[in-house]
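Structure assessment
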Amino acid sequence: MTAQGFTHRRTPGLARTATPGRRRRRRNWSVDRVTFFLAFLGLPLSVYLIFVVSPFIQAFYYSLTDWTGFNPQMDYVGLSNYTRAFTDNIFLKSIRNSVELAIVVPFVTIALALTLATLITVGGSSHGQIRGLSAAGFYRVISFFPYTIPAIIIGIMWSQVFDPSNGLVNGILTAVGFKQFDSFPWLGNIDTAMPVSMFVIIWGLVGFYMVLFIAAIKGIPSEIYESARIDGAGRFRTALTITLPLIRENVQTAYIYLGIAALDAFVYMQALNSNGGPNNSTLVMSQYLYRTAFTKGQWGLACAMGVVLAAVTMSFAGLVFLVNRLTGGKDSVTLA
Amino acid sequence: MQNSSFGQARIGRRSLLASAAVIPLAGTLASCAGSGAGNTTSTSGSSATSAVSTSPDNPFGVAKGSSVDAVIFNGGYGVDYAQYAAKLMGQQPYAANCTVTPTTTIATTLQPRFNAGNPPDVIDDSGANLIGIQTILSEIEDLTDVFAANNLEGTPIKDTLYGGVTAPGTYNGKFAVINYVMTVYALWYSQSMFDANGWKPPTTWDEAYALGQEAKAKNKYLFLWGKEAATYYQTTAIGSAIKEGGNDVRLALENLKPKCWSLDPIQQVFTAMKKIIDAGMVKPGGSGTQFTQAQAQWSSQEQALLYPSGSWIENEMKSQTKAGFKMTGTPELTVTKNSQMPATALHATAGEGYIVPTQAKNVAGGKEFMRVMLSKDAATNFAKTKLAPTIVKGTVPADGFGSTALVSQIKMLDNAATDVFSWQFVDYYGMNADQLVLWNTFLGGGSSVKQLTAGLQQITDKIANDPTIKKITVS
């Protein structure tokens, strides 16, 4: 996952192919060699082709048909499914919601995870050895804990916490005197449904990314932090100019993973607001795709939506790479 | 569980979990994969069974010892009644071996089997995840011969049924779906609470408003709702508008006419509802409340007086109903006293739709399963254990097996006589999910009658103007 990892892995391979003299000799297709290739290259490759590439191609093909999903008949209809998808105001709304998620969720999650990771690894006492807060191990377990709960349970749990009449949130708020929150539908109000859903997703994910960043920060030699401290850099300055550039690769990876998770978000949204929320304010593309396929029996159209979702996801990943590159990611410092 | 917009919302935690289990499918493109193989059809199965001679005991010619594959929606009614019928099938001369597979997600579970040409022999196509009939109409059997056959007791089945039960299963002239359970749509209330306060169930929206003011004095609401079930209020509004304006209203909606939602009776009902909402007589927060929890606030905590629902409500809330609640139904409201249909007119239909796929291996077995289900024996067993009447008449004794709701259903059906109506467009075109959104907003006081009407009309127009959706004509 880190830059160091790649370099290490690559070295032995390079050494073997570079041996002079070997290149000229005809390849020796011994049984050993052929079975080796079949087992370690052919098998994974065919699994990949059958279970990853061919469904993609099939889905694209189906998106050009009027397949209902419930019989094998389908007629070619060209791009009309795409026209229908892009003139469907509810689908467009679901794209907007998904994009909104892809912008907010990764950013907030990473900011939070980085802060927590910094506190736990290097944010401790400014005297003596570089270390995290006291009881860092405890905080680490606490923050990682939500990640061990399946997403669907998180969704169901929080929908109970936010229940208007019996939920914990309104119970506490009304108990301390905020009477306007009596029966306030957090997940049923058009202004709060999306932020609350985002909060739940972030709550569920932040622990994992914190642990990821902790591992990355631990890879940075503490001498760097010590010298920065001697030069008079504060904690915030250290985090921004030492930690962040050094774990840049990790942040990029996390950003892409989080973006993909946010663009899907199916489980959370289905658990919190299975019908798309007030005025479809939390309806995401994967939910609408599911509805189109299974309740409306329009698999051709649903496949077209799937292709659009894939395109959005890939452009998101591309965009993250591009931004990273433009902001100087390619000449980033590595410690390898 | 019903084949209705009420039914669409019947998703509990279980189906939520089930739908979450499909994420790997729904979330990725891989979901569309895996159909190509399904181009061969196994019609050989049905021709093989047709070689078996038929007899009054075995009108469809079920092969001796053959197996029957029944997939049953596991909702509010469970599957034990279907297992009872399966057991009966084993006791018949042909001794068929019928397996009942329960599922909460019919469409998700069966889509691959339909596509591969290997569907089950009989399906209870119900619940939130039902397969839209529009999608598979050409792939399921016409079931007229089931009603023409004799039941296990030797009476022709068609003579044992309530009137009008074929209508909700008939699509463009094809009787494709046997709706098994008689469902009455009504406003439900606690007879004991009403008696204690000297209240009478309302018959018009004005009376409902007056009742709402009395409820306020007792610190109670008139109505409440849950987010997945907001369209229960649409169902009661449509029922009310049809009673007020007559069949013209129903036909305009069914045939997706332009500006159908702007018809006078519908607007009057919406306006009356808006008055109740604005007066604070609807418990706030419904758009964020899971619907069975909302229903428990009515049946257990008695925070509201009335709840519009289908007659499955008693069974659904069985474990969460206050002791001595005495759940009772009253027909949907009218706007004025001189409405087109009388106040006793009833919105009732048969629900819980059973279908037999044409490509099933044992079509005869599937039809035979339905014949057994419609026997007096199996139908009485259903009424007794589920406290709901099937489409078979005379299975409920006068005491309704001790259920006030069941007694009131039979009473409402008797009072209505021939003034019974229903509609299909919401489920047939799968509109419920989109309409839910509008009703959650409206009931929460977040939109005007005009906005609600415009939104509903937009949903109707979108389907009316989409040439790829096959329309049904209702007359």
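Only a predicted model underlies this, so the values are computations on that prediction, with no experimental measurement involved.

1. Quick word on the overall build of chain A
- In terms of regular secondary structure, chain A is built from 14 helices and zero strands.
- Ordered by position from N to C terminus, the α and β elements of chain A give α-α-α-α-α-α-α-α-α-α-α-α-α-α.
- Classification of the 336 residues of chain A by burial places 44% in the buried group.
- Relative to all contacts within chain A whose residues are 6 or more apart in sequence, the contacts with residues 24 or more apart total 66%.
- Here chain A displays about 18000 Å² of accessible surface, and carbon together with sulfur accounts for 67% of that area.

2. Section: unusual backbone geometry
- Of note in this structure, A:Asn280 is not a glycine but carries a positive phi near 60°.
- Position of A:Asn280 relative to the elements: it lies in the loop between helix 12 (266-272) and helix 13 (285-294).
- Positive phi, normally seen in glycine, also occurs at B:Phe401, with a value near 50°.
- Taking relative accessible area as the criterion, B:Phe401 reaches 27% and is therefore assigned partly exposed.

3. What to know about the nonpolar core
- Ranked by size, the top nonpolar core spans 175 residues in total, and within it B:Phe369 and B:Trp439 carry the most contacts.
- Sort the elements by how many residues they give to this core and strand 6 (residues 178-190) of chain B lands first, with 10 residues.
- Summarising the domain contributions, this core has at least three residues from each of domain 1 (5-11 + 44-183 + 349-406) and domain 2 (184-348 + 423-464) of chain B.
- With residues near it in sequence (within four places) discarded, B:Phe369 still touches B:Ala70, B:Ile72, B:Ala82, B:Ala85, B:Ala86, B:Met89, B:Cys98, B:Val122 and B:Tyr354.
- Grouped together as the second largest cluster of nonpolar side chains are 48 residues, A:Ile120, A:Phe181, A:Tyr209 and A:Ile217 included.

4. Here we look at the interface of chain A and chain B
- Contacts between chain A and chain B engage 56 residues on the former and 55 residues on the latter.
- Across the interface of chain A and chain B, roughly 4400 Å² is buried in total on both sides, 56% from carbon and sulfur atoms.
- Area buried by chain A at its contact with chain B is led by A:Phe70, A:Asn275 and A:Phe294, which between them contribute 16% of it.
- Taken together, chain A and chain B are joined by four salt bridges.
- In this structure, B:Asp434 engages A:Lys296 in a salt bridge whose closest nitrogen and oxygen atoms are separated by 3.6 Å.
- Taken together, the links from chain A to chain B amount to 14 residue pairs in polar contact (both at pLDDT 80 or more).
- At the level of elements, helix 2 (31-62), helix 4 (89-121), helix 6 (151-161), helix 12, helix 13 and helix 14 (299-326) of chain A are the ones that each hand at least two residues to the side of chain A that touches chain B.

5. So, helix 13 (residues 264-278) of chain B
Residue and element names in this part refer to chain B.
- When the terminal C-alpha atoms of helix 13 are compared, their 21 Å separation across 15 residues agrees well with the 21 Å that a helix rising 1.5 Å per residue should span.
- Where helix 13 is concerned, the buried positions are Pro265, Ile266, Val269, Phe270, Ala272, Met273, Lys274, Ile276 and Ile277.
- Along its buried surface, helix 13 packs onto helix 10 (205-217), helix 11 (232-245), helix 12 (247-254), helix 20 (432-443) and helix 21 (449-464).
- A positive backbone phi angle near 70° is found at Gly280, which sits one or two residues after helix 13.

6. Some points on helix 11 (residues 248-264) of chain A
All names here are of chain A.
- Under the 1.5 Å per step criterion, the end-to-end length of helix 11 is 24 Å for 17 residues, consistent within 8% with the ideal 24 Å.
- All of the buried residues along helix 11 are Asn250, Val251, Gln252, Ala254, Ile256, Leu258, Gly259, Ala262 and Leu263.
- Buried residues belonging to helix 11 abut helix 4, helix 8 (193-218), helix 10 (235-246) and helix 14.
- Just past helix 11, the residue Ala265 takes up positive phi, approximately 55°.

7. Thoughts on the packing of aromatic side chains
- In this structure the tally under the stated criterion is 47 aromatic pairs over all chains.
- Joined through ring pairs, the aromatic side chains of A:Trp158, A:Phe162, A:Phe178, A:Phe181, A:Phe184, A:Trp186, A:Phe199 and A:Trp203 make up one cluster.
- Taking the ring centre of B:Tyr209 as reference, the NZ or CZ of B:Lys275 above it sits at 4.2 Å.

8. Some thoughts on the packing of helix 4 of chain A against helix 14 of chain A
Residue and element names in this part refer to chain A.
- One way to put it is that helix 4 packs onto helix 14 with a least axis distance of 12 Å and a crossing angle of 25°. The angle between helix 4 and helix 14 places the two elements in the roughly parallel class. The two elements helix 4 and helix 14 meet at a crossing, and its hand is right-handed. When helix 4 is examined against helix 14, the residues Phe91, Ile95, Ala102 and Pro106 are found in contact with a partner set consisting of Met305, Val308 and Phe316.
- When grouped by side-chain class, the residues that make up the contact of helix 4 with helix 14 number seven nonpolar, no polar and no charged.

9. Let's talk about a nonpolar patch on the surface
Residues and elements named next belong to chain A.
- On the surface, a cluster of nonpolar side chains totalling about 1100 Å² of accessible area is made up of Leu43, Leu45, Val47, Tyr48, Leu49, Ile50, Phe51, Val52, Phe56, Ile57 and Met314.
- No other element matches the 10 residues that helix 2 contributes to the nonpolar patch.
- With respect to the helices and strands, Ile57 occurs in helix 2.
- Exposure remark for Ile57: the relative accessible area of 55% places this residue in the exposed category.

10. Digging into the pairing of strand 7 (residues 307-310) of chain B
All names here are of chain B.
- A two-sided burial pattern is seen for strand 7, the buried positions comprising Tyr307 and Ser309 on one face and Pro308 and Gly310 on the other.
- Here strand 6 pairs with strand 7 via four bridges, running antiparallel. If you follow Tyr185 over to strand 7, its bridge partner there is Gly310.

11. Side note on the packing of helix 5 (residues 80-91) of chain B against helix 17 (residues 376-386) of chain B
Residues and elements named next belong to chain B.
- Helix 17 packs onto helix 5 with a crossing angle of 155° between their chain directions and a minimal axis gap of 10 Å. Regarding the angle of helix 5 to helix 17, the classification is roughly antiparallel. Read as a crossing pair, helix 5 and helix 17 show a hand that is right-handed. Of the residues in helix 17, those in contact with Asp80, Tyr81, Tyr84 and Leu88 of helix 5 are Asp377, Ala378, Asn381, Phe382 and Lys386.
- Considering only residue class, the contact of helix 5 with helix 17 consists of five nonpolar, one polar and three charged.

12. Re the pattern of salt bridges
- One pass over the full model with this rule turns up 12 salt bridges over all chains.
- For the salt bridge of B:Asp466 with A:Arg84, the shortest nitrogen-to-oxygen distance reads 3.0 Å. Residue B:Asp466 is found in the segment after helix 21, and its partner A:Arg84 is found in helix 3 (residues 80-87); the two belong to separate chains.
- Take B:Asp466: its relative accessible area is 13%, and that puts it in the buried class.
- By relative accessible area, A:Arg84 is classed as partly exposed at 23%.
- In this structure, the salt-bridge partner of B:Glu368 is B:Arg371, at a minimum N-O distance of 3.0 Å. Linking B:Glu368 with B:Arg371, this pair stays in helix 16 (residues 363-373), spanning three residues, or about one helical turn. As far as burial versus exposure is concerned, B:Glu368 and B:Arg371 are alike and both buried.
- Overlapping salt bridges bring together A:Arg291, A:Lys296 and B:Asp434 as one network.

Conventions used here
Residues numbered from 1 in each chain as written. Chains lettered and ligands numbered in written order. Predicted model: local features only at pLDDT ≥ 70, side-chain atom pairs only at ≥ 80, totals over all residues. Heavy atoms only, no water. Helix = DSSP H or I, 4+ residues; strand = E, 2+ residues; numbered from the N terminus. Buried < 20%, exposed > 50% of the residue type's maximum accessible area, 1.4 Å probe, protein only. Contact = heavy atoms within 4.5 Å. Areas by Shrake-Rupley, 256 points an atom, 1.4 Å probe, with all protein chains shown as cover. Core = buried A, V, L, I, M, F, W, Y, C linked by side-chain atoms within 4.5 Å. Domains from an automatic or database assignment. Buried area = accessible area lost by both parts, 1.4 Å probe. Salt bridge = Lys/Arg side-chain N within 4 Å of Asp/Glu carboxyl O. Polar contact = N/O pair within 3.5 Å; in protein donor to acceptor, adjacent residues only side chain to side chain. Expected span 1.5 Å × (residues − 1). Phe/Tyr/Trp six-rings, centres within 6.5 Å; stacked < 30°, edge-to-face > 60°. Lys NZ or Arg CZ within 6 Å of the ring centre and 35° of its normal. Axes fitted to C-alpha atoms, helices over the stretch in contact; angles between N-to-C directions. Parallel < 35°, antiparallel > 145°, perpendicular 65-115°, else oblique. Left-handed = near helix turned anticlockwise from the far one by under 90°. Nonpolar A, V, L, I, M, F, W, Y, C, P; charged D, E, K, R; others polar. Patch = residues over 30% accessible without salt bridge, like charges linked within 9 Å, V, L, I, M, F, W, Y side chains within 5 Å. Pairing = 2+ DSSP bridges.

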